[in-house]
Amino acid sequence: MALERLDRIISSQGMFSRKEAGKAIRDGRVTVNGKVIKDPSEKLDPASSGIAIDGKPFAYKKHIYLMLNKPAGVLSATTDSNSKTVLDLIPKVYKRNGLFPVGRLDKDTTGLMIITDDGDFAHKVISPKYGINKHYHAVVDGKITDEIIRTFATGVKLKDGFLCAPAELKVLDNGDNPLAEVVIKEGKYHQIKRMFAAAGLKVLALRRVKIGGLSLDNNLPEGECRELSKTEESLILRTDQ
Ligand code: URA
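Residues numbered from 1 in each chain as written. Predicted model: local features only at pLDDT ≥ 70, side-chain atom pairs only at ≥ 80, totals over all residues. Heavy atoms only, no water.

In this structure the tally under the stated criterion is two aromatic pairs. With a centroid separation of 5.0 Å and 70° between ring planes, the pair formed by Tyr65 and Phe121 is classed as edge-to-face. Taken together, the residues Tyr65 in strand β7 (residues 65–70) and Phe121 in helix α3 (residues 119–126) connect sequence positions 56 residues apart. Under the relative-accessibility criterion, Tyr65 is labelled buried at 10%. Given the relative accessible area of 8%, Phe121 is considered buried. Both rings, one in Phe152 and one in Phe196, keep their centres 5.1 Å apart while their planes meet at 45°; by these two values the pair is tilted. (Phe/Tyr/Trp six-rings, centres within 6.5 Å; stacked < 30°, edge-to-face > 60°. Helix = DSSP H or I, 4+ residues; strand = E, 2+ residues; numbered from the N terminus. Buried < 20%, exposed > 50% of the residue type's maximum accessible area, 1.4 Å probe, protein only.)

Tracing the backbone shows Lys159 in the loop between α4 (146–154) and β11 (168–173). Taking relative accessible area as the criterion, Lys159 reaches 72% and is therefore assigned exposed. As for Lys159 and Arg194, which are separated by 35 residues in sequence, their C-alpha atoms are 7.7 Å apart. When sequence neighbours within four positions are dropped, the list of residues in contact with Lys159 reads Ala197 and Ala198. (Contact = heavy atoms within 4.5 Å.)

Quick look at the nonpolar core now. Judged by nonpolar contacts, the single largest core of 34 residues is most densely connected at Ile90, Ile115, Ile144, Phe152, Leu169, Met195 and Phe196. Breaking this core down by element, the ones donating at least two residues are β7, β9 (110–116), β10 (134–140), α4, β12 (179–184), α5 (191–198) and β13 (203–211). Each of domain 2 (65–128 + 218–236) and domain 3 (133–211) gives at least three residues to this core. If we skip the residues at most four places from it in the chain, Phe152 touches Ala165, Pro166, Ala167, Leu169, Val182, Met195 and Phe196. Counting 15 residues, the second-largest nonpolar core is a separate cluster that includes Met67, Val102, Ile132 and Leu216. (Core = buried A, V, L, I, M, F, W, Y, C linked by side-chain atoms within 4.5 Å. Domains from an automatic or database assignment.)

In terms of domains, the chain is made up of domain 1 (4–57), domain 2 (65–128 + 218–236) and domain 3 (133–211). For domain 1 and domain 3, the distance between their C-alpha centroids amounts to 50 Å.

Next comes the structure, spelled out in structure tokens:
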């Protein structure tokens, strides 16, 4: 592990800016393995140094992985001058530089969104090459026929000519406005809405419920987020679910 400056290690975790970290160190509030270090430029291995601030152990994490239950009306972007973004929903305790949403959901789409600062992880989740399933629940405005199910299974041709990879479509409730589960590995712009549009149906509501083997936590209220456990992190990358 590469050595890093003590002020950088502390500020990388989000609770302190670089300036605040430097001040805390110079003020003698920071110890490393029990010894006060007053030089912000002191170099350490962030993963193995026993840092404490005001006597409290400082838990260093190289990356953070959050599950957000995205509400409608929020953009899946990092910043926007007009609209609230998913990053505006992240509490201070999880905030750090470099956080971004893994993939995009439309403004009116709700449900499971992963927020991280780990670009390699995000790439694996998003890239169709890695084959991670994204499960959605869609309410549509007309009957889902067996023919539509077969077309999804062989690959929908979108109105612009793009041929989607085979997708699973399962009817969960076939009322006037049927509820269906759709599983895709790709993430083209408005993909599910455009897949249904190609079959003559309009999506009235869309919710992502699962990525890989990780389901949205039913106890997580809309608009809230929580950190993932190590097990949950690895569930996301499961290609068999
Ligand atoms: N497909 C869509 O049409 N919209 C989303 O937000 C996600 C997938």
